[in-house]
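Analysis of the macromolecular model
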Amino acid sequence: MAKPKVAFYWCASCGGCEETVVDLAEDILKVVAAVDIALWPVAIDIKLKDVQAWKPGDVAVAFINGAVRLSEQEEWVKLLREKCSLIVAFGSCAHIGGIPGLANATTKEQIFANKYHLSPTINNPNGTVPQEHSKVDNYDLELPFFWKDVKTLDQVIDVDYYLPGCPPPPNLVAEAVNAILEGKLPPKGSVLAPEKALCESCPRNETKPDDLTIASFKRVSTSTPDPEKCFLAEGYLCMGPATRSGCGERCINGNMPCRGCFGPTPDALDAGLKLLSAIASRGKADTTESSQVLADSLADPLGTLYRFSLPASLLRRRLVDLHENS
Amino acid sequence: MANESFEPKIVGFLCRWCSYTGADLAGTSRIQYPPNLAAIRVMCSGRVDPTFVVKALRDGADGVLIAGCHPGDCHYAEGNYKAMRRFPMLLNLLDQFGIERERVRLEWISASEGDLFAQLVKQFTEQLRKLGPLNWQERIEALCTNL
Amino acid sequence: MISLTIDGNVVEVEEGSTVLQAAQKLGIEIPTLCHHKSLLPYGACRVCLVELEYSWGTQIQASCTYPAQDGLVVNTASERVLKTRKIMVELLLARCPEVAPVKQLAEQMDIKEVRFPKKNEDCILCGQCVRVCEERMGIGAVNFVNRGREKKIAPAYDRHSPICMACGACQVVCPADCVDLSKITKRTLRPIPLAFDEGLSGRPSIYVPFAQAVPNVPVIDTNTCMYFQKGTCQACQEFCEADAIDFDQEDKVEEVEVGAIIVATGFELFDSSEIFRYGYGRLDNVINSLEFERISHASGPTGGKIFTKDGREPQAVAILHCIGSRDENYHEYCSRVCCMYSLKFAHLVKEKTEAEVYNLYIDMRAFGKGYEEFYKRVLGEGVHFIRGKCAEVTDVPETDEEKGKLIVIAEDTLLGLTRRLPVDMVILSSALIPGSDSDKLSKILGLNCSKGGFYLEKHPKLAPVDAISDGIFLAGACQGPKDIPDSVAQGAAAAAGALSLIDKGKVILEPITAEINEERCSGCQLCIANCPYAAIDYDEEKRVSVVTEELCKGCGTCVAGCPSGAAHQKNFEDEQIFSEIEGILA
């Protein structure tokens, strides 16, 4: 019997998700023994036309990491959707937008201005900016189009499963692959991670006081958390109570509060708002004024509450007045 | 943006004990207020999940009112204090999302303040009329189409 | 025990008793003047003389000081006793012909002529004042001075006493009512106002609050009682035959677990001195409705007689309606009961005096059963009704007729005239206002107040007796001004409401309590800190938070504050509210 074929693809991502495949270590041999890798841009040279030649269903599953930001990425993921039986959004960026998704807090114009003009390390006297079409030495060159908005994978194509994490931990990947190979898959649309929030497995949960109150918010950039205590009890914003568990508490063990890469729990429509509600409720403030002071002590709530999930959040992105921007 | 004919849509989350009863009093007292506000009854302003507010703005509301008992008067002792603490944090967040702070208000309306409720709705409606429509859906679509 | 014979009757008394006490035990009356139950036997007046029989003859002795002895034979009404006693009273009458108890005794003994040199003293030298001050108060501010004919009672050196506390005990015990405190001390007596009489009369430190008090027993006001203030007196103990006075009793705070609460805290009367122009608290004979209520009451300070402050019967009385109510500067609402009690006042004044009565009203609101009929009856009694609010009450006369009177100035809106009514008494029908501490109670019980500050009912028509919180009922004027029939009706309804809860013995919970999905709860426990009712506990075994449904009141704060969405509120589910939002905005 022919081995099933598997594809890996990357969009707007850092490459860390590729690493996690490598991090399977010896287990990767089992994977290779069980499947054929049909596409893996980081390792094997397969061109677009090769994939276009596939017949639908030729490939059993495509693991796609990265958010979708460029027209090229859209073209590729749509093609893979057409050719592959299953699509797995692999990692935070594909799942909920990830770090690249934070670009939705600003605009394409601002990004370009910073990248090509304003940044102090830029020397661009001609004001050159990337063009979709250009002619160099009589060759027509084409660059992918840079969208105004960063999207999660499921905002572009239909996604069957999600493997969360930045990057997904090897044990979850192995479990997912096994499940696919054995055909023991949960209902379509499932996130292949535990349903409870991180406090469930957090080694510091027991140190959380009964009457947790937050007088003001601290930042890990300006002070060091106690290596034993619950971060919230000390005033560090920890996304743990609103974030799926299964990550192996990697950040917690590095004395870093949870940043939310595993995305919301299944019952929360918007993890950022849920956590905001939870922590503000425990604020130490009894007047309108002191509530404002408490709120102001939380720097950059959008970037903190939606560090990994801005494109997947209810409000998706910063609204820009179309008139002011044109 | 000011548009005299624009009728803002306001979703009001009113606590069942004070503000909803206050709104009811405005009704039974036959005090007129603009029909722009549609009320959703919750047991306590502490039940108002910021998600509700955002969901309303997303789904087409131009403004959201959260109203509860005056501080110290909460039927559930302290639910309104929780609303009070969440509110400025939510506004700070909405600010970053490019949604004007003026679109969301937290007010204390007691069960006897029917006239105050009516006045508040009147004033909030005027304020939103000056601010113009939020049009979240339309604007986000324009930003997300791949052009 | 000692056994003795008095007037042929054998009586047993405890050792140390006096002959007088033994006689009193038999119910034999022996007249006394200097004797006082709370003071040590003294034997100054000699009115209580009795004859003692011995084998060798008889002897006259003061019964108040003579100790009872075993086998003693006593005659209290023998010829010799009566004769000697008569001489003693005659001597007293010669000294103090105007003193009431002496006159009374003389009358009883049929003394017509006094054969001794006459004086006109008011003090009978019984020494009770001296003794009470010394024995009971431990002060000794007054004592006997001089001897023989010059003997009198005075403070040391006949100067104002620096140690007198002006407690007034000497005045209380003096049978001749002749203590002039101003000669003893520069301090003035501070009468203790009786609250039930609106301070129109005074009371002792031990008193029954009012005639119908429940329980109908005396209480000690520790703020004024000399025992609690100075550790002295305790005279009341001597009088209490049941030996029921216990100075060690203390106020107790008792905690009672109940299934229902009825709030019936009533109202307070508007302080009419807030409206300067009506002169309340500034002009004599401007009184408020509760003060008139006491004055006109048979058990009140005047025994039901309607008098002005200087004891005259008024010739004209004005009753001013709506003082502080129906007034945008004070209270906008109508106090409801004032019109009818003002009519009652008018009727009472007419019944008890010859006075002209003027009722100054804005609108007459005779709304209840039989009320309109009563209004007509009072109209028929010749009471003057003037439609117009009083502008001012003044004591500045413009004519001779107005001299020494209070002048009520008002516009008679029916006649179109400004009227000046000279009257002797002005009764202000003041507004009923919420209790000054009603805010505090409202916070404790979780009540709400309506606009005027009275407690808010759950629904004006469908639940007029229920407070907003379950299990709490409202009765009477704490919910709004109302008269007695309405208060009784509401009280009965509240009692029935409370009883229906108690009777069932169980409470039906509203189906809005929170629940936590243990499949999804991470055990972060933030909800536990958020619950004001301690209704959520952490299950150590399952490592999830659990709601105790009976304790949950259904506010939903834990649900909104649950970061993972594991908490739900029944019938106020997120999905339901989302659907409402969608419905509204569709």
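A brief report on the enclosed structure follows. (Residues numbered from 1 in each chain as written. Chains lettered and ligands numbered in written order. Predicted model: local features only at pLDDT ≥ 70, side-chain atom pairs only at ≥ 80, totals over all residues. Heavy atoms only, no water.)

**A few points about the overall build of chain B**
Along the backbone of chain B there are five helices and four strands. Secondary structure elements in chain B, listed N-terminal to C-terminal, are β-α-β-α-β-α-β-α-α. Burial statistics for chain B: of 147 residues in total, 62% are counted as buried. When contacts within chain B are restricted to residue pairs at least 6 apart in sequence, long-range pairs at least 24 apart make up 80% of them. Just so you have it, chain B exposes about 5,200 Å², and 49% of that area is on carbon and sulfur atoms. (Helix = DSSP H or I, 4+ residues; strand = E, 2+ residues; numbered from the N terminus. Buried < 20%, exposed > 50% of the residue type's maximum accessible area, 1.4 Å probe, protein only. Contact = heavy atoms within 4.5 Å. Areas by Shrake-Rupley, 256 points an atom, 1.4 Å probe, with all protein chains shown as cover.)

**Quick word on the side chain of N530 of chain C**
Mapped onto the fold, N530 of chain C is located in helix α14 (residues 526-530). A relative accessible area of 0% means that N530 of chain C is categorised as buried. Among the polar contacts made by the side chain of N530 of chain C, one reaches the side chain of R282 of chain A at a distance of 2.9 Å. (Polar contact = N/O pair within 3.5 Å; in protein donor to acceptor, adjacent residues only side chain to side chain.)

**Points about the interface of chain C and chain B**
Between chain C and chain B, the residue contacts involve 33 residues of the former and 36 residues of the latter. Counting the surface lost from both chain C and chain B, the interface buries some 2,800 Å², and carbon and sulfur atoms represent 63% of this. The partner of R47 of chain B in a salt bridge is D574 of chain C, with the nearest N and O atoms 2.8 Å apart. For the interface between chain C and chain B, the tally reads five residue pairs in polar contact (both at pLDDT 80 or more). Looking at the side of chain C that touches chain B, its residues break down into 15 nonpolar, 10 polar and eight charged. (Buried area = accessible area lost by both parts, 1.4 Å probe. Salt bridge = Lys/Arg side-chain N within 4 Å of Asp/Glu carboxyl O. Nonpolar A, V, L, I, M, F, W, Y, C, P; charged D, E, K, R; others polar.)

**Details of the packing of helix α2 (residues 50-58) of chain B against helix α3 (residues 79-96) of chain B**
When two helices pack together, their arrangement is given by the angle between the helix axes and by the axis-to-axis distance. Residues and elements named next belong to chain B. Taken N-terminus to C-terminus, the directions of α2 and α3 make an angle of 40°; their axes are 11 Å apart at the nearest point. Read as a crossing pair, α2 and α3 show a hand that is right-handed. Across from P50, V53, V54 and L57 in α2, the residues of α3 making contact are R86, L90 and L94. Partitioned by chemical class, the residues of the contact of α2 with α3 number six nonpolar, no polar and one charged. (Axes fitted to C-alpha atoms, helices over the stretch in contact; angles between N-to-C directions. Left-handed = near helix turned anticlockwise from the far one by under 90°.)

**What to know about helix α4 (residues 114-131) of chain B**
Residues and elements named next belong to chain B. The terminal C-alpha atoms of α4 lie 26 Å apart, and with 18 residues this matches the ideal 26 Å at 1.5 Å per residue to within 8%. The complete set of buried residues in α4 reads G114, F117, A118, L120, V121, F124, T125, L128 and R129. Buried residues of α4, seen end-on, are gathered within an arc of 165° and therefore sit on one face of the element. Along α4, the residues that are exposed and aim more than 90 degrees away from the buried face are Q119 and K130. Elements in contact with the buried residues of α4: β1 (10-15), α1 (19-28), β2 (37-42), β3 (63-68) and β4 (104-108). The positive-phi residue at the C-terminal boundary of α4 is G132, with phi of around 90°. (Expected span 1.5 Å × (residues − 1). Arc of directions from axis to C-beta.)

**Quick look at the pattern of salt bridges**
Enumeration over the complete set of coordinates arrives at 54 salt bridges over all chains. Note that R101 of chain B is salt-bridged to D95 of chain B, the shortest N-O span being 3.3 Å. On the basis of relative accessible area, R101 of chain B is assigned to the partly exposed category, the value being 27%. Owing to a relative accessible area of 38%, D95 of chain B belongs among the partly exposed residues under this scheme. Of the charged contacts in the structure, one is a salt bridge between D110 of chain C and K112 of chain C, with a shortest N-O distance of 2.9 Å. A residue is classified by how much of its surface remains accessible, and K112 of chain C, at 68% relative accessible area, is exposed. Here the salt bridges share partners, and the residues they tie into one network are R81, D158, D160 and K188 of chain A.

**Overview of the state of the cysteines**
What is meant by a disulfide is a covalent connection between two cysteines, made through their sulfur atoms. Throughout the structure, instances matching the rule amount to one disulfide over all chains. Between the sulfur atoms of C18 of chain B and its disulfide partner C69 of chain B the distance amounts to 2.4 Å. Linking C18 of chain B and C69 of chain B, the disulfide has an S-S dihedral of approximately 100° and is accordingly described as right-handed. Remark: C69 of chain B occurs in the loop between β3 and α3 and C18 of chain B occurs in the loop between β1 and α1; sequence separation between them is 51 residues. Across the pair, exposure class does not vary: C18 of chain B and C69 of chain B are buried alike. Unpaired in terms of disulfides, C15 of chain B finds its nearest cysteine sulfur in C69 of chain B, a separation of 3.6 Å. Taking the relative accessible area as the measure of exposure, C15 of chain B reaches 2% and is therefore buried. With no disulfide of its own, C240 of chain C lies closest to C236 of chain C among cysteine sulfurs, the gap being 8.2 Å. (Disulfide = S-S within 2.5 Å.)

**Some words on the environment of E82 of chain A**
All names here are of chain A. With respect to the helices, strands and loops of the structure, E82 is situated in helix α4 (residues 71-83). Using a relative accessible area of 48% as the deciding quantity, one classes E82 as partly exposed. With 75 residues separating them along the chain, E82 and I157 place their C-alpha atoms 9.8 Å apart.

**What about the interface of chain A and chain B?**
Contacts between chain A and chain B engage 43 residues on the former and 32 residues on the latter. Summed over both sides, the interface of chain A with chain B buries roughly 3,700 Å², with 67% coming from carbon and sulfur. With a shortest N-O distance of 2.7 Å, K274 of chain A and D49 of chain B are connected by a salt bridge. The set of elements that each furnish at least two residues to the side of chain A that touches chain B consists of β8 (146-151), α10 (271-281), α11 (288-296) and α12 (301-305) of chain A. Broken down by element, the side of chain A that touches chain B gets its largest block of residues, seven residues, from α10 of chain A. In terms of residue class, the side of chain A that touches chain B is made up of 22 nonpolar, eight polar and 13 charged.

**A short note on the packing of aromatic side chains**
Residues and elements named next belong to chain C. Applying the stated criterion to the full structure yields 24 aromatic pairs over all chains. A ring pair is formed by Y333 and F454, whose centres lie 5.4 Å apart and whose planes are at 70°; its orientation type is edge-to-face. On the criterion of sequence distance, the pair formed by Y333 in the loop between β13 (316-323) and α10 (338-352) and F454 in the loop between α12 (438-445) and β21 (457-459) is long-range, its members being 121 residues apart. On the basis of relative accessibility, which here comes to 17%, the residue Y333 falls in the buried class. Here the aromatic rings of Y341 and F345 are separated by 5.1 Å at their centres, their planes lie at 40°, and the arrangement is tilted. (Phe/Tyr/Trp six-rings, centres within 6.5 Å; stacked < 30°, edge-to-face > 60°.)

**Focus: unusual backbone geometry**
Omega for the peptide link from C166 of chain A to P167 of chain A comes to -10°, which places this bond in the cis form. Topologically, P167 of chain A is positioned in the loop between β9 (161-163) and α7 (170-182). A cis geometry characterises the amide bond from V214 of chain C onward to P215 of chain C, with omega recorded as -5°. Residue placement: P215 of chain C occurs in the loop between β8 (206-207) and β9 (219-220). One non-glycine residue, R30 of chain B, lies in positive phi territory at about 60°. In this structure, R30 of chain B sits in the loop between α1 and β2. With a relative accessible area of 70%, R30 of chain B lands in the exposed category.

Keep in mind these numbers describe shape, not what the thing actually does.
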